[in-house]
Amino acid sequence: MSSAPALKPFNLALIQLGQIGPDKDANLKHAREMIRRAASGDNGAKPKPDLVVLPECFNSLYGHLQFPVYAETISYTPGQSYDVAASESQSVKMLSAAAREEGVWLIGGSIPEREAGTGKLYNTATVYSPKGELVAIHRKVHLFDIDIPGKIKFKESETLSAGNTINHFDTEFARIGLGICYDVRFPELAMTNARRGCQVLIYPSAFNTTTGPLHWELLQRARAVDNQIFFAMCSPARDLNQSYHAWGHSMVVDPMGKVIAETEHDEDIVYAQIDPKAFEEARAGIPVTTQRRFDVYPDVSKGLQLCKGEHVRVCTGQS
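The following paragraphs examine the structure supplied in this document. Small disclaimer: the values here were computed from a predicted structure and weren't measured.

## Points about the overall build of the protein
Check the secondary structure of the protein and you find seven helices and 16 strands. Taken over C-alpha atoms, the radius of gyration comes to 18 Å for the protein, in line with the 20 Å a tight globule of 319 residues would show. For the protein, the spread of C-alpha atoms along the three principal axes comes to 50 × 45 × 45 Å. Here the protein holds 319 residues, and 55% of them are scored as buried.

Structural data, given as structure tokens:
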């Protein structure tokens, strides 16, 4: 694996997208409008972001019965050039064009993906360069299967399959690791990405009004402090007219666990300036990255294969 690019100052924008309904065309149109607004820094009120992020399932309603209805075929192979013009995915084409036209890196939230050949369904994030190139994907590794009596029961596994790759991509300003929502509850994923050079982890997400108040902020701050990295999660806006009520509160956390940007539950754009000084000072002042005792306990990031084999793989996006 190549060395990570040095962390440089950059501007980040999280789109807490609202108005997500049953009409995919309308969802994509609104998402495109919000990408334009974010990329303009709210028409110049904020610095232009280098990286824009959409939330989990931004193009569809969120629910196990909805995933097959909205699923699209992407057919991306890590390390190979991808022909966006020939893509079967309506969402990929929109996101690619948006990244190119706005001149930004874009994490296109996630969409339900149908794998060609097998027909398996995944919850998949896609990433685009400022040239509009699809450079990385992440299929949600840990499926959201929970049952809290009297509050919420949800099982993604009723229709979705779990991904089996750990993914990151390189930009000119950072190495950025990917996850989706429930992945945040499993520290091993974040640890592996951090130990492979990621200075920033970003998870498109959709916690709900039961789990959000309990753990949304706690888990982000924990992953940030555990690994001394910047951590961000981007949620949809809350819509009480839908069956699934998102928590909202999209936020960015610095390597010392400080929340440096956050919103409430309505549609909004969260802007944050990522300052390498916070990253450097955290690692210099509390040097846990050099104090780990792998003679006492194992390094969970070791023994993984790079984009080959039948087991869990670590995949590097093109840059």
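## Things to note about the sheet that holds strand S14 (residues 268-274)
Strand pairing in a sheet relies on backbone hydrogen bonds. The paired strands run either parallel or antiparallel. If you trace the six strands from one edge of the open sheet to the other, you get S5-S4-S3-S2-S1-S14, paired in mixed fashion. In the strand order of this sheet, the two ends are held by strand S5 (134-139) and S14, each with one partner. Averaged over all neighbouring strand pairs, the angle between strand axes comes to 25°, with direction disregarded. For strand S1 (residues 10-16) and strand S2 (residues 51-53), the ladder comprises three bridges, and the chain directions are parallel. For Leu14, the partnering residue across the bridge sits in S2 and is Val53. The strands touched by helix H1 (residues 24-39) within the sheet are S1, S2, strand S3 (105-114) and S14, with S14 carrying the most contacts at an inclination of about 40°.

## Some points on unusual backbone geometry
Despite not being glycine, Asp42 shows a phi value in the positive range, around 55°. One can find Asp42 in helix H2 (residues 41-44). Of note in this structure, Gln228 is not a glycine but carries a positive phi near 50°. Take Gln228: it is sitting in the loop between helix H6 (211-227) and strand S11 (230-234). Of the residues examined, Gln228 reaches a relative accessible area of 3% and is grouped as buried.

Analysis parameters
- Residues numbered from 1 in each chain as written.
- Predicted model: local features only at pLDDT ≥ 70, side-chain atom pairs only at ≥ 80, totals over all residues.
- Heavy atoms only, no water.
- Helix = DSSP H or I, 4+ residues; strand = E, 2+ residues; numbered from the N terminus.
- Rg over C-alpha atoms; globule rule 2.2 N^0.38 Å.
- Buried < 20%, exposed > 50% of the residue type's maximum accessible area, 1.4 Å probe, protein only.
- Pairing = 2+ DSSP bridges.
- Axes fitted to C-alpha atoms, helices over the stretch in contact; angles between N-to-C directions.
- Contact = heavy atoms within 4.5 Å.

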